[in-house]
Amino acid sequence: MPPTPEAMDKTTTPGIQIRITDPALQAYVQRHPFATGPDPAMNERARNETSSGIYFRQPGPTRHTTLLTPGQATLPPAEAAAITAILTKVGMDAARQQYETNDFNWEMTRVPRNAKSVLAVGCGQGIELLFLRAVLPNARLTAIDYTDTLIPGLREATSVTMHAGDMNQLLQDLNPEYDLIFSNHTMEHLYDPDQTLATLHRLLLPGGHILSTMPMVGQADSPFIQQAHAFLHRKAADPTATIAPVDLVYFDLGHPWKTNPSDIAATLTRAGFTDVEIYQRRDHLSRPAHISKPQLDAQQKSATSLHSLLVKPMHAIARALGTSAPHLLLRIIYAIEHRIPFGTNRAMSALNEEACFLARKP
């Protein structure tokens, strides 16, 4: 079923990129995204490289996001039954099946059904592979991730070929033999999206597609993104400006690509892709929450108000101490924030919109 013409305007806003080039430091901040890990030297390096390596991405023209109705984000009965069967086969209980179905089914509606060779990038426990196998029963599946954490029984249920290790090196070693590259909440972890997407473009066969779902942290109305914007404008006036340690909670070094529809389309176009389509669920805009745009706006407004009232004063105290803010104080602040729904990173994760893009290699 083709999507309805209903669409939502997105302002032309540049995305934001945090550039870290050292693979060891990249791995460290993926585990400790606010630079409060056990290694003081690595924490300081992370803060310094963020201050010097953050920048606005080259913006593209305004893009319209196609909003899928609930019917358009639902698989036909035969494929839904196939998914239930394969999830049951690996021992997944009904509650977990419902959770994963809410997460993956809508993306599966965008999967080209003629795909014969699929590469899943950043597959995690491999849940997406079960869905891909259900809708592409005859395709050859290959998956990569930093570690092999596939759930028991999944390898046999999907016949996947799994490669574990550094993603950039693994991609360089693969041959251009895929007609679909799939990822679910992986691309936001890229420290050089332009380079990685150019590599993925090389791995696709002509006419092949890339399909990926990401959080839209770089939208103008995304919670707390104004902190990053404010720092970048301050840095333009003073190149020596640095980010206060407590403010790294706004930047989240584990998600260095903070993007939006216009940035995604521009990045894909630069990498050589065409026919870029960007989708969202009309009544399920946020990954964890089944809410519409007015409901999401209301929740964002409430969360930012409570954040300003109760969280910002803690930040102000730590910020006044500058780089001498005790490590323990930062950890306590982040621990408190993690336990309240309007804590910085928790609210960013829960109240950002989610979008899925599909693009083709000519």
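See the structure printed just above.
Q: Sorry, what's going on with the sheet that holds strand β10 (residues 257-258) here?
A: Within a sheet, neighbouring strands are paired by backbone hydrogen bonds and run either parallel or antiparallel to one another. Taken together, 3 strands build an open sheet; the order of strands is β3-β2-β10 and the sheet is antiparallel. The strands lining the two open edges of the sheet, one partner per strand, are β3 (54-56) and β10. By the bridge criterion, 2 bridges tie strand β2 (residues 16-18) to β10 in an arrangement that is antiparallel. Residue pairing for β10: Gln17 is matched across the bridge by Trp257. On top of the sheet, helix α2 (residues 40-53) reaches β2 and β3; it is set at about 20° to β3, its chief contact. Sheet strands in contact with helix α9 (residues 225-237) are β2, β3 and β10, and its direction is about 95° off that of β3.

Q: Just checking my understanding: could you explain the layout of surface pockets for this structure?
A: Think of a ball as big as a water molecule: rolled over the atoms, this probe shows where empty space is left. Volume-wise, the largest pocket comes out at about 1100 Å³. Lining the largest pocket are 46 residues, and of these Gln30, Asp145, Tyr146, Thr186 and His189 lie nearest its centre. Of all elements in the fold, only α1 (23-31), α4 (94-108), α5 (127-135), β6 (140-145), α7 (167-173) and α8 (193-203) reach the threshold of two or more residues within the lining of the largest pocket. The class makeup of the residues in the lining of the largest pocket is 15 nonpolar, 20 polar and 11 charged. When its volume is computed, the second largest pocket comes out at roughly 470 Å³. What lines the second largest pocket is a set of 17 residues, among which His185, Glu188, His255, Arg287 and Ser349 lie closest to the centre. Classifying every residue of the lining of the second largest pocket by side-chain character gives 5 nonpolar, 6 polar and 6 charged.

Q: Honestly, the side chain of Thr186 in this entry has me stumped. Any pointers?
A: With respect to the helices, strands and loops of the structure, Thr186 is situated in the loop between β8 (178-184) and α8. Assessed through its relative accessible area of 10%, Thr186 is described here as buried. A distance of 3.3 Å separates the side chain of Thr186 from the backbone oxygen of Val121, its partner in a polar contact. Excluding anything up to four places from it in sequence, Thr186 contacts Val121, Gly122 and Thr213.

Q: Could you clarify how one ought to interpret the pattern of salt bridges in this entry?
A: Pairs may arise between side chains of opposite charge once their charged atoms sit close together. According to the stated counting rule, one finds 19 salt bridges in the structure shown. The residue Arg19 makes a salt bridge to Asp192 at a minimum N-O spacing of 3.8 Å. Linking Arg19 in the loop between β2 and α1 with Asp192 in the loop between β8 and α8, this pair joins segments that are 173 residues apart in sequence. As a salt-bridge pair, Asp148 and Arg155 come within 2.8 Å of each other at their nearest N and O atoms. One network of salt bridges, with partners in common, ties together Arg57, Asp194, Asp263 and Arg270.

Q: Which parts of the structure should I look at to understand the pairing of strand β12 (residues 354-360)?
A: Two faces, one strand: in a regular strand the side chains alternate between the faces of the sheet. Burial runs high along β12: 6 of the 7 residues are buried. Taken together, the 7 bridges between strand β9 (residues 204-215) and β12 define a ladder with antiparallel strand orientation. By the bridge assignment for β12, Pro215 is matched with Glu354. Bridge analysis of strand β11 (residues 274-281) against β12 gives 4 bridges, and the strand direction is antiparallel. Residue pairing across strands places Thr274 opposite Arg360, the latter belonging to β12.

Q: Got a minute to help me understand the nonpolar core in this structure?
A: Side chains of a nonpolar character, in soluble globular proteins, are inclined to be buried together. Within the largest apolar cluster, 43 residues are counted, with the highest numbers of intra-cluster contacts made by Val29, Ile54, Leu248, Phe251, Leu253 and Tyr334. Put simply, the parts of the chain that give this core at least two residues each are β2, α1, α2, α9, α10 (248-251), α12 (293-320), α13 (327-338) and α14 (344-351). Discounting residues that sit within four places of it in the chain, Val29 has contacts with Ile20, Ala46, Tyr191, Leu253 and Gly254. Listed in part, the 39 residues of the second largest apolar core include Ala73, Phe131, Leu150 and Val160.

Q: Where do I start with a nonpolar patch on the surface in this structure?
A: Judged by side-chain polarity, Leu306, Leu309 and Leu310 come together as a nonpolar surface patch covering roughly 280 Å² of accessible area. One can find Leu309 in helix α12. Residue classification places Leu309 among the exposed positions, given a relative accessible area of 60%.

Q: Help me understand the packing of α8 against helix α11 (residues 261-270), please; the structure alone is not making it clear to me.
A: Axes are the key here: two packed helices are described by the angle between their axes and the distance separating the axes. In the contact formed by α8 and α11, the axes pass within 9 Å of each other and the chain directions differ by 55°. It follows that α8 is oblique to α11 by the angle criterion. Our pair here, α8 against α11, has a crossing hand that is right-handed. Each of Pro193, Asp194 and Leu197 in α8 lies in contact with α11, whose residues at this interface are Thr267, Leu268 and Arg270. Taken together, the residues of the contact of α8 with α11 break down into 3 nonpolar, 1 polar and 2 charged.

Q: I'm lost on the pairing of strand β4 (residues 64-68) in this one. Help?
A: β4 sits mainly inside the fold: 4 of its 5 residues count as buried. Across 3 bridges, the pairing between β4 and β11 is parallel. Residue pairing for β11: Thr66 is matched across the bridge by Tyr279.

Q: Whenever I open this one, the state of the cysteines confuses me. Can you help?
A: Covalent bonding between the sulfur atoms of two cysteines defines a disulfide. Counted according to the given criterion, the structure contains 0 disulfides. In this structure Cys123 is a free cysteine whose sulfur lies 18 Å from that of Cys356, the closest cysteine sulfur available. Residue classification places Cys356 among the buried positions, given a relative accessible area of 0%.

Analysis parameters
Residues numbered from 1 in each chain as written. Predicted model: local features only at pLDDT ≥ 70, side-chain atom pairs only at ≥ 80, totals over all residues. Heavy atoms only, no water. Pairing = 2+ DSSP bridges. Helix = DSSP H or I, 4+ residues; strand = E, 2+ residues; numbered from the N terminus. Contact = heavy atoms within 4.5 Å. Axes fitted to C-alpha atoms, helices over the stretch in contact; angles between N-to-C directions. 1 Å grid on protein atoms, 1.4 Å probe; cavity = no way out; pocket = protein on both sides within 12 Å on 5 of 7 lines; lining within 4 Å. Points joined across faces, edges and corners; volume = space filled by probe spheres on them. Nonpolar A, V, L, I, M, F, W, Y, C, P; charged D, E, K, R; others polar. Buried < 20%, exposed > 50% of the residue type's maximum accessible area, 1.4 Å probe, protein only. Polar contact = N/O pair within 3.5 Å; in protein donor to acceptor, adjacent residues only side chain to side chain. Salt bridge = Lys/Arg side-chain N within 4 Å of Asp/Glu carboxyl O. Core = buried A, V, L, I, M, F, W, Y, C linked by side-chain atoms within 4.5 Å. Patch = residues over 30% accessible without salt bridge, like charges linked within 9 Å, V, L, I, M, F, W, Y side chains within 5 Å. Areas by Shrake-Rupley, 256 points an atom, 1.4 Å probe, with all protein chains shown as cover. Parallel < 35°, antiparallel > 145°, perpendicular 65-115°, else oblique. Left-handed = near helix turned anticlockwise from the far one by under 90°. Disulfide = S-S within 2.5 Å.

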